[in-house]
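So the chains spell out like this:
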Amino acid sequence: MPHDVFLSYASADRAAADAVCAALETRGIRCWIAPRDVPAGADWGEAILTAIGRAHAMVLVLSRHTAASVHVRNEVVTAVSQSLALVPVRIEDCQPGGALRLHLAGSHWLNVYPAPIDQHADALAGGVRLALAADATIEIPRAQAAAMVAAARASAGTDRPPPPPRQAHPPETRADPPTPRTAQPAQPPKAGATRAPHLPTPRRGLGVALAIGGLVVLCAAVAAAWYYEPRLKALFGATVAAEADTASMPAPAPGMLAAADPPAAAVPPVAAGEPPRGLTGAPGPLAGLGAVTPPMGLGAVPPPAAGFPAPEPASAPRSMTQAPPPRPLPPPRPAARVTNGATTAITQLFVARVEDGLGREDWLGHAQILPGNAVQLRAPAGQGCLFNIRVVYVGGLTEDRPGVDLCTAPDLRFEGSKGAGGFSLR
C-alpha cells in the first residue's frame, strides 16, 4: 500500500507512536509503521529499507529512549542518505543524543507534549504537510499542493497577509530602431593643409637611424683604439727606434766606397796557390774589411757590429737550470709485527723504552688480538729502537719481552709461555 511518511520510534515509545500515526492518518496523511505494515513472512530489514525508499518524509518520535535504540539510528542514517525530509516529533522535553544530534541539527522540531497528543494533532499534521510539499519527489497536483500549504499555515497560525495586487504597467513606447551608419570613404588631404602633430614626418625616421648608426660606429672605433693602444705604441716605437739607429750609424770611409767597385782591368790575376789579395793588390785580407773572421761554432756569440752596443749574454733556459737538492727523508720509525700464537686472546699491550721500565699505557685500548691474528706495532719517533714489551692474556697471564730491538726485529710472536707472571729484564 502506498504511503506518505515512514514512522520511526523506539520500542519503549510504542504507545506514543501509535497515537501519532492515528492523528496523521485521521487527517489524510498515510503512514507506514512497523510491525503493522510489515508483510507476513517478509524479511524485517528488507521491509524497513523498502518502506523508507518509497516514503517522502520520515516522522521521528523523539524521547529519552531514542538515542539508545540502534534500529532508530540505522533508520535515520538510511533516510538521510536518501535525502528524505526529517520531522522530529518530541513527546517529552528531551534533547537528542549521540549521532542523532548531528543528523537532526538542521531540522525543526514539533512538540506534542504535554499529553494527550490529540490536542496537538492539527499542528503535527500541518508540519508534516509542509515537509511533504517541500519534497520534490512527491507528485501532487498544483491546486492540491497549494491547498495543503494554505491549510498547514492556517493551522500553525503563520498566515501572512496576501501580497498587494500588481499594478498595471504603462504601455511601453517602442523607439524607432537606430539608423545604421554607412561608412564613408576617406578623403585625400587637401593641398596646403597642415599635418597633424601626432603623425610622423616622412624620412624623419631615416635620419634618426643614420645618426644612431654613426654614433655606434664612433663608439666602436674609440673602443678599438683604446684596446689596441699598447700594441700600436709598441709597433710605432720599434719603427722609430730602428730609423734612429740607422741614421746614427757612421758613414763608410771614402777609400772603402772607392774600392768597392774597381774596374775589371785593375784586378790582377791570381796565380795558383797564391793567397787571396786585397782590393789594393797586396796579399792578405781584403782591404777595408779587416781580418777574416774564422767560422764560429754553435756556442759562439758573433761580435757586435759597428755602432751597435754589445749584446748581453743569454741566460740559460729555465729547464736546464740545476734542480734544488731533494729534501732528506725522515728516518723510518721502528715497527714490528706482533702475532698472537697462543690459544687465548691478548687483551692488553704495554710498550715502553728500556730506560722507563714497564709502560703504563695500554696500546690496544678496547681492542683484542685474537689467536692467530697480528697487529702492526710502531714505536714513537725519536725514542730509539730498544723497548720493553708486555702482553696480558685473558685470565691475567702475562708475557714479557725486555730489550726488544724494533728496528731489527720485524716479527714478534707471543706463545703464552715466556715470562709469565712478572716483568724481568733478563
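Description of the structure in this document. (Residues numbered from 1 in each chain as written. Predicted model: local features only at pLDDT ≥ 70, side-chain atom pairs only at ≥ 80, totals over all residues. Heavy atoms only, no water.)

### Concerning a nonpolar patch on the surface
Put simply, the test is: Patch criteria: residues need more than 30% relative accessible area and no salt bridge. Like-charged residues are merged within 9 Å; nonpolar side chains of Val, Leu, Ile, Met, Phe, Trp and Tyr are merged within 5 Å. Per-residue and other accessible areas follow the Shrake-Rupley method at a 1.4 Å probe size, with only the shown protein chains counted as cover for residues. Basic side-chain nitrogens of Lys or Arg form a salt bridge, by our definition, when they fall within 4 Å of a carboxyl oxygen of Asp or Glu. Numbered from the N terminus, helices here are DSSP runs of H or I no shorter than four residues, and strands are runs of E no shorter than two. Accessibility here uses a 1.4 Å probe with only protein chains present; expressed as a share of the type maximum, an area under 20% marks a residue as buried, one over 50% as exposed, and anything in between as partly exposed.
Judged by side-chain polarity, Trp-226, Tyr-227, Tyr-228, Leu-232 and Phe-236 come together as a nonpolar surface patch covering roughly 640 Å² of accessible area. At the level of secondary structure, the elements contributing two or more residues to the nonpolar patch comprise helix H7 (204-227) and helix H8 (229-248). By the secondary structure assignment, Tyr-227 is in helix H7. By relative accessible area, which is 52% here, Tyr-227 ends up exposed.

### Some words on the sheet that holds strand E6 (residues 335-340)
The strands making up a sheet are joined through hydrogen bonds of the backbone, oriented either antiparallel or parallel. Operational definition: If DSSP finds at least two bridges between two strands, the strands pair. Here, axes are lines fitted to C-alpha atoms. For helices the fit covers the stretch in contact, and angles between N-to-C directions go from 0 to 180 degrees.
With respect to topology, 3 strands assemble into an open sheet ordered E8-E6-E11, the strand pairing being mixed. The strands lining the two open edges of the sheet, one partner per strand, are strand E8 (374-378) and strand E11 (411-414). For this sheet, the mean inter-axis angle between neighbouring strands, taken without regard to orientation, is 25 degrees. Where E6 and E8 come together, 5 bridges link them in antiparallel fashion. Among the inter-strand pairings, Ala-335 is bridged to a residue of E8, identified as Arg-378.

### Focus on the pattern of salt bridges
If charged atoms from side chains of opposite charge come close, those side chains can pair. Counted according to the given criterion, the structure contains 11 salt bridges. In this structure, Arg-14 engages Asp-18 in a salt bridge whose closest nitrogen and oxygen atoms are separated by 3.4 Å. One end of the pair is Arg-14 and the other is Asp-18, both in helix H1 (residues 14-26) and 4 residues apart, which spans about a single turn. For Arg-14, a relative accessible area of 37% gives the class partly exposed. Assessed through its relative accessible area of 35%, Asp-18 is described here as partly exposed. Between Glu-415 and Arg-413 there is a salt bridge, and its shortest N-O distance comes to 2.8 Å. For Arg-413, a relative accessible area of 44% puts it in the partly exposed group.

### Some details on the state of the cysteines
In protein structure, a disulfide is the covalent linkage between the sulfur atoms of two cysteines. Rule in force here: In this description, the term disulfide denotes a pair of cysteine sulfurs within 2.5 Å.
If you walk through the whole model with that rule in mind, you get 1 disulfide. Two residues, Cys-385 and Cys-407, share a disulfide whose sulfurs are 1.8 Å apart. Between Cys-385 and Cys-407 the disulfide shows an S-S torsion of about -70 degrees. By sign, it is left-handed. Here Cys-385 is found in the loop between E8 and strand E9 (386-393), whereas its partner Cys-407 is found in the loop between strand E10 (398-405) and E11, with 22 residues between them in sequence. Relative accessible area serves as the criterion here: at 43%, Cys-407 is assigned to the partly exposed category. No disulfide involves Cys-31; its nearest neighbouring cysteine sulfur is the one of Cys-21, lying 4.4 Å away.

### Here's the deal with the nonpolar core
Applied cut-off: Put simply, a nonpolar core is a bunch of buried Ala, Val, Leu, Ile, Met, Phe, Trp, Tyr and Cys residues held in one set by side-chain atoms that sit within 4.5 Å of each other. Here a residue-residue contact requires only that any non-hydrogen atoms of the pair lie within 4.5 Å.
Counting residues in hydrophobic clusters, the biggest one holds 25 residues, and the most contacted among them are Val-5, Leu-7, Leu-24, Val-59, Leu-124 and Val-128. Put simply, the parts of the chain that give this core at least two residues each are strand E1 (5-8), H1, strand E3 (57-62), strand E4 (85-90) and helix H5 (121-134). Sequence-distant contacts of Val-59, defined by excluding residues within four places in its chain, comprise Val-5, Phe-6, Leu-7, Ser-8, Val-20, Leu-24, Val-87, Val-89 and Val-128. Core analysis: the next-biggest nonpolar cluster, separate from the first, contains 21 residues, Ile-48, Val-76, Leu-86 and Cys-94 among them.

### Some thoughts on the pairing of E9
On any regular strand, side chains alternate: one points to one face of the sheet, the next to the other face. In terms of residue burial, E9 counts as a mostly covered element, since 7 of its 8 residues are buried. As judged from the 7 bridges shared by strand E7 (residues 346-353) and E9, these two strands associate in the antiparallel manner. Bridging across to E9, Leu-349 finds its partner in Val-391. Bridge analysis of E9 against E10 gives 6 bridges, and the strand direction is antiparallel. Following the sheet pairing, Phe-387 is matched in E10 by Val-404. Linking E9 to E10, which pair antiparallel, is a turn of 4 residues; within it Gly-395 sits at a positive phi near 105 degrees.

### Notes on the environment of Asp-4
As for its placement among the helices and strands, Asp-4 is situated in the segment before E1. Residue Asp-4 is classed as buried on the basis of its relative accessible area, which comes to 10%. Separated by 124 residues in the primary sequence, Asp-4 and Val-128 place their C-alpha atoms 9.6 Å from one another. Apart from residues no more than four positions distant in its own chain, Asp-4 is found in contact with Gly-28, Ile-29, Arg-30, Ala-55, His-56, Ala-57 and Leu-132.

### Focus: the pairing of E4
Let me state the cut-off plainly: We call a crossover right-handed when, viewed with both strands directed away from the observer, the connection leading from the first strand over the helix to the second proceeds clockwise.
Of all 6 residues in E4, 5 are buried, a share of seventy percent or more. By the bridge criterion, 6 bridges tie E3 to E4 in an arrangement that is parallel. For Met-58, the partnering residue across the bridge sits in E4 and is Leu-86. Regarding the hand of the β-α-β motif, the stretch spanning E3, helix H3 (residues 70-81) and E4 is right-handed. In the sheet, E4 pairs with strand E5 (residues 110-111) via 2 bridges, with the strands oriented parallel. Among the inter-strand pairings, Val-89 is bridged to a residue of E5, identified as Leu-110.

It is worth stressing that arrangement in space is one thing and function is another; only the former is reported here.
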